[in-house]
Amino acid sequence: CYIEGKGLTLFKKLSEYVISLVLLICLAFLWQKKRELDEKVWRWLLLAIALTIGAELAFTLYVGVYDLSNMIGHFFKLTSFYFIYKAILKTGIEEPHQVLFRNLKLREGDLQETLQEVQKLAITDSLTGLYNRRHFFELLDREIQRASRYQHPLSTIMFDIDKFKDVNDSYGHAVGDQVLKELAECCRRELRDVDVSGRYGGEEFAIILPYTDLSAASEVAERLRLSIACTPFHT
């Protein structure tokens, strides 16, 4: 693999390039696993691989064994071994609790996200994204108690889609589901942030309007009706 006065053979140089390519692939995998590793461990392994690649490329340049490129390559190798020691031995043996606690924290974060998703699914209608019937009535009961305590007006609106069965029978349930989704979006556009909208069941919907008297609620209902009537439903 080495000829005195000429340097590395073609086979040896190609071998160094193949090794460098494999290490680059490892570098890419390591980058993808960044979140799963302790930040210090990830950084040390990254430096170790990068220095090893630099060493392999430096080895392709020397002609004599005492050339500068050969010395630099071995220096890079020694430094990369030091970073591997820091990443695996020092952290894994002397400071294992840091890695353990980090893994626990990551799992806790994943569990928290899952819990939030489950809680969201428990209170919302999966099709429209509005509150489901059970949670809607829980919120309604809460608003009734608040309105009674502070003596402020409270109104509710209930409405459904006329002849919705004809839509399902004529165009299929997939089209009917799309109509319900777009109607729910109309409600979101027309209502305030404090208003609460829910799917009562089937094609029936309900809305809670805090701090709203009968006259104002009638205006909201009419505005919502006009908005839905003027909306082209894309089916």
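Residues numbered from 1 in each chain as written. Predicted model: local features only at pLDDT ≥ 70, side-chain atom pairs only at ≥ 80, totals over all residues. Heavy atoms only, no water.

### Side note on the overall build of the protein chain
Part 1 of the argument: Looking only at helices and strands, the protein chain features eight helices and five strands.
Part 2 of the argument: Listing each helix as α and each strand as β along the protein chain from the N terminus yields β-β-α-α-α-α-α-β-α-α-β-β-α.
Part 3 of the argument: In terms of overall dimensions, the protein chain is more spread out than a globule: its C-alpha atoms have a radius of gyration of 33 Å, far above the 18 Å expected for 235 residues.
Part 4 of the argument: Its C-alpha atoms give the protein chain principal-axis dimensions of about 100 × 45 × 25 Å. (Helix = DSSP H or I, 4+ residues; strand = E, 2+ residues; numbered from the N terminus. Rg over C-alpha atoms; globule rule 2.2 N^0.38 Å.)

### As for the sheet that holds strand β5 (residues 204–210)
Part 1 of the argument: In space, the three strands of this open sheet follow the order β3-β5-β4, with antiparallel pairing throughout. Of all the strands in the sheet, just β3 (154–160) and β4 (196–201) have a single pairing partner and so form its edges. The average angle at which neighbouring strand axes cross in this sheet is 20°, direction not considered.
Part 2 of the argument: In terms of strand pairing, β4 meets β5 through five bridges, oriented antiparallel. Counted as the bridge partner of V196 is I208 from β5. (Pairing = 2+ DSSP bridges. Axes fitted to C-alpha atoms, helices over the stretch in contact; angles between N-to-C directions.)

### Re the packing of aromatic side chains
Part 1 of the argument: Throughout the structure, instances matching the rule amount to eight aromatic pairs.
Part 2 of the argument: Their ring planes at 55° and their centres at 5.7 Å tell us that Y82 and F83 sit as a pair that is tilted.
Part 3 of the argument: Residue classification places F83 among the buried residues on the basis of a relative accessible area of 16%.
Part 4 of the argument: By way of ring pairs, the aromatic residues Y82, F83 and Y85 are connected into one cluster.
Part 5 of the argument: Here the basic side chain of R133 rests over the ring of Y200, its NZ or CZ set 4.4 Å away from the ring centre. (Phe/Tyr/Trp six-rings, centres within 6.5 Å; stacked < 30°, edge-to-face > 60°. Buried < 20%, exposed > 50% of the residue type's maximum accessible area, 1.4 Å probe, protein only. Lys NZ or Arg CZ within 6 Å of the ring centre and 35° of its normal.)

### Thoughts on the nonpolar core
Part 1 of the argument: Grouped together as the largest cluster of nonpolar side chains are 19 residues, with contacts concentrated most on F159, L183, I207 and L209.
Part 2 of the argument: Of all elements in the fold, only β3, α7 (173–190), β5 and α8 (214–230) reach the threshold of two or more residues within this core.
Part 3 of the argument: Looking at which element gives the most residues to this core, the answer is α7, with six residues.
Part 4 of the argument: Other than its neighbours up to four places away in sequence, L183 contacts F159, I161, F205, I228 and F233. (Core = buried A, V, L, I, M, F, W, Y, C linked by side-chain atoms within 4.5 Å. Contact = heavy atoms within 4.5 Å.)

### Here we look at the packing of helix α1 (residues 10–32) against helix α2 (residues 39–59)
Part 1 of the argument: Between α1 and α2, whose axes approach to 9 Å, the crossing angle comes to 165°. With respect to each other, α1 and α2 are oriented roughly antiparallel. Judged by the sense of rotation from one axis to the other, the crossing of α1 with α2 is left-handed. Contacts between α1 and α2 involve E16, Y17, I19, S20, L23, L24, C26, L27, L30 and W31 on the former and, on the latter, W42, L45, L46, I49, T52, I53, E56, L57 and F59.
Part 2 of the argument: A breakdown of the residues in the contact of α1 with α2 according to their chemical character gives 15 nonpolar, two polar and two charged. (Parallel < 35°, antiparallel > 145°, perpendicular 65-115°, else oblique. Left-handed = near helix turned anticlockwise from the far one by under 90°. Nonpolar A, V, L, I, M, F, W, Y, C, P; charged D, E, K, R; others polar.)

### Things to note about the confidence of the model for the protein chain
Part 1 of the argument: For the protein chain, per-residue confidence averages 87 on the pLDDT scale, and residues scoring 70 or more make up 92% of the total.
Part 2 of the argument: Per-element confidence in the protein chain ranges from a low mean pLDDT of 70 for helix α4 (residues 96–123) to a high of 95 for β5. (pLDDT = per-residue confidence, 0-100.)

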